[in-house]
2 protein chains.
Amino acid sequence: MARPTMEDVAARAGVSRALVSLVMRGSPKVSERRRQAVLDAAAELDYAPHAMARSLASRTSTLLGVLVSDLHNPFFAEIVDGLDEVARAEGFELIINTGGLDPERERDAVGRLLSFRPAGLALLGAAVPSADIADAARRLPVVVVARPARIARVGTVNDDGRLGARLAVDHLVDVGHTRITHFDGGRTTEARIRRDGYAAAMRAHGLEPDVIRSEYTDAGGEKAAARLLERGGELPTAVVAANDVNAVGALSTFADAGLAVPDDISVVGYDNTALSALRRIALTTVDQPRAEMGQLAARALVRRAQAGRGKPERRLVTPSLVVRSTTAPPRR
Amino acid sequence: MARPTMEDVAARAGVSRALVSLVMRGSPKVSERRRQAVLDAAAELDYAPHAMARSLASRTSTLLGVLVSDLHNPFFAEIVDGLDEVARAEGFELIINTGGLDPERERDAVGRLLSFRPAGLALLGAAVPSADIADAARRLPVVVVARPARIARVGTVNDDGRLGARLAVDHLVDVGHTRITHFDGGRTTEARIRRDGYAAAMRAHGLEPDVIRSEYTDAGGEKAAARLLERGGELPTAVVAANDVNAVGALSTFADAGLAVPDDISVVGYDNTALSALRRIALTTVDQPRAEMGQLAARALVRRAQAGRGKPERRLVTPSLVVRSTTAPPRR
DNA sequence: ATTGTTGATTAGAGCGCTCTAATTTGGAGC
DNA sequence: GCTCCAAATTAGAGCGCTCTAATCAACAAT
């Protein structure tokens, strides 16, 4: 059960502990003969360096703290995939906590992550109070992903939600729609940006914006669609939903009401999660490059961790439209 | 940037380092007066213990290593949620790596996790060679989740796939089906168990099993359905799919072929992922209690980590049927 | 005052490693 | 053989903490 230490390897190889350390770190200033001896001894003992001891002694860390608001949401899971990919390549490990969008719990989670003195901290769509983020950013590189924020020393990675919303509107206008309603994502900054983008795009086409308050869930989409139907008056011919699950909720309600999609009404989602690609759903949607966002975040942290200092970047990735089967010219 | 150490707190509070250590660990044998002094000093300096130093000195760890084959799959993400919940409650943190079902890469990932000397290791649906798992199990508590395995000293948490498959078949037979085809999940042990469960259940009802080789993906479901249609002869009236995404793939193909679900053909999924609950999909499926599986795994690790020794458990959780709208009596 | 006794506090070693500075080695050059 | 020098190796301190054993304080009992 007790694993061998560097001391054991040194004894077996007939060298000093320091030499074993050099070999383990791949130092070039070790003679070939000794290196082999050490490597052999290590292999015989099945030795592997103790990452924590190493970290403590070298005052460096190969840990990246990650706080995910909701792992269960595939959107974040795919960002974590991107983080993981870069972390692996750069020799870092992810230490993950979830926050569940509860500020108190998220503060605690951040504190626990920081107690490991990680090399950097990534917050994915988290609701941690800005003041705490700022505090953390004084001690280590921090990057906030999928939540627009301007906090001193804090890097961000977001998609250009304004552009994304415009892509959706432009596409619908292109195929002939003029009455386009937006189901929004609620009170978050991200939702506000998309909503503003939608409104600006509508006005640019000389059209009247029409927003129904909603949220980033399946049920939210159902309710918003129901409200739209109850509202009376002329129905829009297209809907720009808050995100993919919201769109799928709307799809359900429209189907129940006997409305055909896309013939009676077109629907555009947002995120391009795996969900939208299912042929059964085939949702036209705005792609957010999630893996890329995760990669950018990880690279930013690694870079700043290694460079000692370095100013945080605010990255805006470019969304793109993916046209599937839920949009078509309006029936005239 | 340099965080205060226990030494700093001790100096400020006018006590020894050891006393600060006791206070930080909530020891009862500290006078109230000193405790307050230490707590105040710690607060003033914004001190927080260094988890790695603590871990090194105490020869214990509050890290649980987690290897996820595919985080992007919501099934695993929800298991991680369960792990995270228990870990948080018990004062542990998760250190996560993904393996992508590539045995070589997974071996490496396990090695990296072990270099942190975690208190336990959870493998979620991973493809790590059994020999490596056995090796790891010699050094620390290991639990394999969602992958039936019998390895010395290794705990497991799985659902009873045989029962799950039977639930699906029984339900279909109950509502009147007799020609029921299974799209299987390929070569994995889990898939074999479900396949055997399906076949046994069919025979128990005096029916002939009929399996089409498939896999745990959307595309796999589409292909299997296509093969079924091309095969000619009388079509089955129901399909037990490998899992939810496989079922959704089948749904798409059936829709394209003009087959109505559930009127022309019933479909049952497996897993009860969020996907199946979408009203647009409303898939009848077998629920695997994923969060519970994660919780059980975490608890098993924590228990064994704290108990020193302790024999690994093999837990079998009970799946249950969730009837939605893709199953109905066959048309006669 | 002296002696116990119990509870509170601390000294000091050590966890497994890295890092700096010092020492040793092995030739090259004479 | 001897000197010098660069390359190879090592001694030893120290990272921030915990743990054991020893010391100290306070107070009741004699």
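Residues numbered from 1 in each chain as written. Chains lettered and ligands numbered in written order. Predicted model: local features only at pLDDT ≥ 70, side-chain atom pairs only at ≥ 80, totals over all residues. Heavy atoms only, no water.

1. Brief notes about the protein's contact with DNA strand D
- Taken together, the neighbourhood of DNA strand D is formed by 25 residues, with Arg34 of chain A together with Met6, Arg17, Ser21 and Arg25 of chain B sitting nearest.
- A share of 67% of the atoms of DNA strand D within 4 Å of the protein falls on sugar and phosphate groups.
- Side-chain polar atom of Arg25 of chain B to a phosphate oxygen of DNA strand D: 2.5 Å apart, as the coordinates give it.
- A distance of 3.0 Å is found between a phosphate oxygen of DNA strand D and a backbone nitrogen or oxygen belonging to His50 of chain B. (Near = heavy atom within 4 Å. Polar contact = N/O pair within 3.5 Å; in protein donor to acceptor, adjacent residues only side chain to side chain.)

2. Structural notes on the relation of the copies chain B and chain A
- Turning chain B through 180° and shifting it by 0.1 Å along the axis lays it on chain A, with an RMSD of 0.1 Å. Such values leave the two copies arranged in the relation of a two-fold axis. Residue Ile95 of chain B, judged by its C-alpha, is the member of chain B lying nearest the rotation axis, at 2.1 Å.
- Interface residue correspondence from chain B to chain A reaches 100%, placing this contact among same-surface, isologous pairings. (Least-squares fit on C-alpha atoms with pLDDT ≥ 70 in both. Contact = heavy atoms within 4.5 Å.)

3. Description of the packing of helix 5 (residues 74–90) of chain A against helix 13 (residues 290–306) of chain A
Residue and element names in this part refer to chain A.
- Two numbers describe how helix 5 lies on helix 13: the axes approach to 7 Å, and their chain directions differ by 40°. One finds that helix 5 runs oblique with respect to helix 13. Crossing hand, helix 5 versus helix 13: right-handed. Mapping the contact onto sequence places Phe75, Glu78, Ile79, Gly82, Leu83, Glu85, Val86 and Glu90 in helix 5 and Arg290, Ala291, Gly294, Gln295, Ala297, Ala298, Arg299, Val302 and Gln306 in helix 13.
- Along the lines of polarity and charge, the residues of the contact of helix 5 with helix 13 split into eight nonpolar, four polar and five charged. (Axes fitted to C-alpha atoms, helices over the stretch in contact; angles between N-to-C directions. Helix = DSSP H or I, 4+ residues; strand = E, 2+ residues; numbered from the N terminus. Parallel < 35°, antiparallel > 145°, perpendicular 65-115°, else oblique. Left-handed = near helix turned anticlockwise from the far one by under 90°. Nonpolar A, V, L, I, M, F, W, Y, C, P; charged D, E, K, R; others polar.)

4. Focus: the sheet that holds strand 8 (residues 238–240) of chain A
Residue and element names in this part refer to chain A.
- Strand order in the open sheet formed by six strands is 7-6-8-9-10-12, with mixed pairing between adjacent strands. At either margin of the open sheet sits one strand with a lone partner, and together these are strand 7 (211–212) and strand 12 (320–322).
- Relative to strand 7, strand 6 (residues 180–183) runs parallel, the two being bridged by two bridges. Across the sheet, residue Phe183 finds its bridge partner in strand 7, namely Ile212. (Pairing = 2+ DSSP bridges.)

5. What to know about the protein's contact with DNA strand C
- The local shell around DNA strand C holds 26 residues, among which Met6, Arg17, Ser21 and Arg25 of chain A together with Arg34 of chain B are the closest.
- Counting only atoms of DNA strand C within 4 Å of the protein, the sugar-phosphate share comes to 68%.
- A distance of 2.4 Å separates a phosphate oxygen of DNA strand C from a polar atom in the side chain of Ser21 of chain A.
- Note that a phosphate oxygen of DNA strand C is positioned 2.9 Å from one of the backbone N or O atoms of Ser16 of chain B.
- Elements with a contribution of two residues or more to the surface near DNA strand C: helix 2 (17–24) and helix 4 (51–58) of chain A together with helix 2 (17–24) and helix 4 (51–58) of chain B.
- Along the lines of polarity and charge, the residues of the surface near DNA strand C split into 13 nonpolar, six polar and seven charged.

6. A few points about the interface of chain B and chain A
- Tallying the contact residues gives 54 residues for chain B and 55 residues for chain A.
- For the pair chain B and chain A, the summed buried area comes to about 5500 Å², and 52% of that belongs to carbon and sulfur atoms.
- By the criterion of area lost to chain A, the three top residues of chain B are Met52, Arg139 and Arg280 of chain B, representing 15% of everything that side buries.
- At the surface where chain B touches chain A, the tally comes to eight salt bridges.
- Arg139 of chain A is the salt-bridge partner of Asp46 of chain B, the closest N and O atoms lying 2.8 Å from each other.
- In this assembly, chain B and chain A are joined by 27 residue pairs in polar contact (both at pLDDT 80 or more).
- Secondary structure elements with two or more residues in the side of chain B that touches chain A: helix 4, helix 5 (74–90), strand 2 (93–98), helix 6 (103–114), helix 7 (130–139), helix 10 (218–230) and helix 11 (244–256) of chain B.
- Among the elements that line the side of chain B that touches chain A, the one with the most residues is helix 5 of chain B, at seven residues.
- In terms of residue class, the side of chain B that touches chain A is made up of 26 nonpolar, nine polar and 19 charged.
- In this structure, strand 2 (residues 93–98) of chain A lies alongside strand 2 of chain B, joined through three bridges in antiparallel fashion. Each residue of the ladder has a partner; that of Leu94 of chain A, found in strand 2 of chain B, is Ile96 of chain B. (Buried area = accessible area lost by both parts, 1.4 Å probe. Salt bridge = Lys/Arg side-chain N within 4 Å of Asp/Glu carboxyl O.)

7. Points about the pattern of salt bridges
- For the structure shown, the criterion picks out 50 salt bridges over all chains.
- In this structure, the salt-bridge partner of Arg17 of chain A is Glu7 of chain A, at a minimum N-O distance of 3.2 Å. Separated by ten residues along the polypeptide, Arg17 of chain A in helix 2 and Glu7 of chain A in helix 1 (residues 6–13) bring together distant segments of the chain.
- Between Arg303 of chain B and Glu313 of chain B there is a salt bridge, with its nearest N and O atoms 3.3 Å apart. Highlighted residues: Arg303 of chain B in helix 13 (residues 290–307) and Glu313 of chain B in the loop between helix 13 and strand 11 (314–317), separated in sequence by ten residues.
- Residue classification places Arg303 of chain B among the partly exposed positions, given a relative accessible area of 32%.
- Connected via shared salt-bridge partners are Glu78, Asp287 and Arg290 of chain A. (Buried < 20%, exposed > 50% of the residue type's maximum accessible area, 1.4 Å probe, protein only.)

8. A closer look at the side chain of Thr156 of chain A
- Assignment of secondary structure puts Thr156 of chain A in strand 5 (residues 154–159).
- Ignoring anything within four residues of it in the chain, the contact list for Thr156 of chain A reads Val143, Val144, Ala149, Glu313, Arg314 and Arg315 of chain A.

9. Points about the domain arrangement of chain A
- Each assigned domain of chain A is listed with its residue range as follows: domain 1 (6–49), domain 2 (61–158 + 289–317) and domain 3 (161–288).
- A separation of 36 Å is found between the C-alpha centroids of domain 1 of chain A and domain 2 of chain A. (Domains from an automatic or database assignment.)

10. Concerning the pairing of strand 2 of chain B
Residues and elements named next belong to chain B.
- The buried fraction of strand 2 is high, at six of six residues.
- Of the two faces of strand 2, both are covered, the one formed by Glu93, Ile95 and Asn97 as well as the one formed by Leu94, Ile96 and Thr98.
- Strand direction decides the pairing type here: strand 1 (residues 63–68) and strand 2, joined by six bridges, are parallel. Residue pairing in the sheet places Leu64 in a bridge with Leu94 of strand 2.
- Once the chain exits strand 1 it traverses helix 5 before rejoining the sheet at strand 2, and the crossover so formed is right-handed. (Right-handed = clockwise from strand over helix to strand, strands pointing away.)

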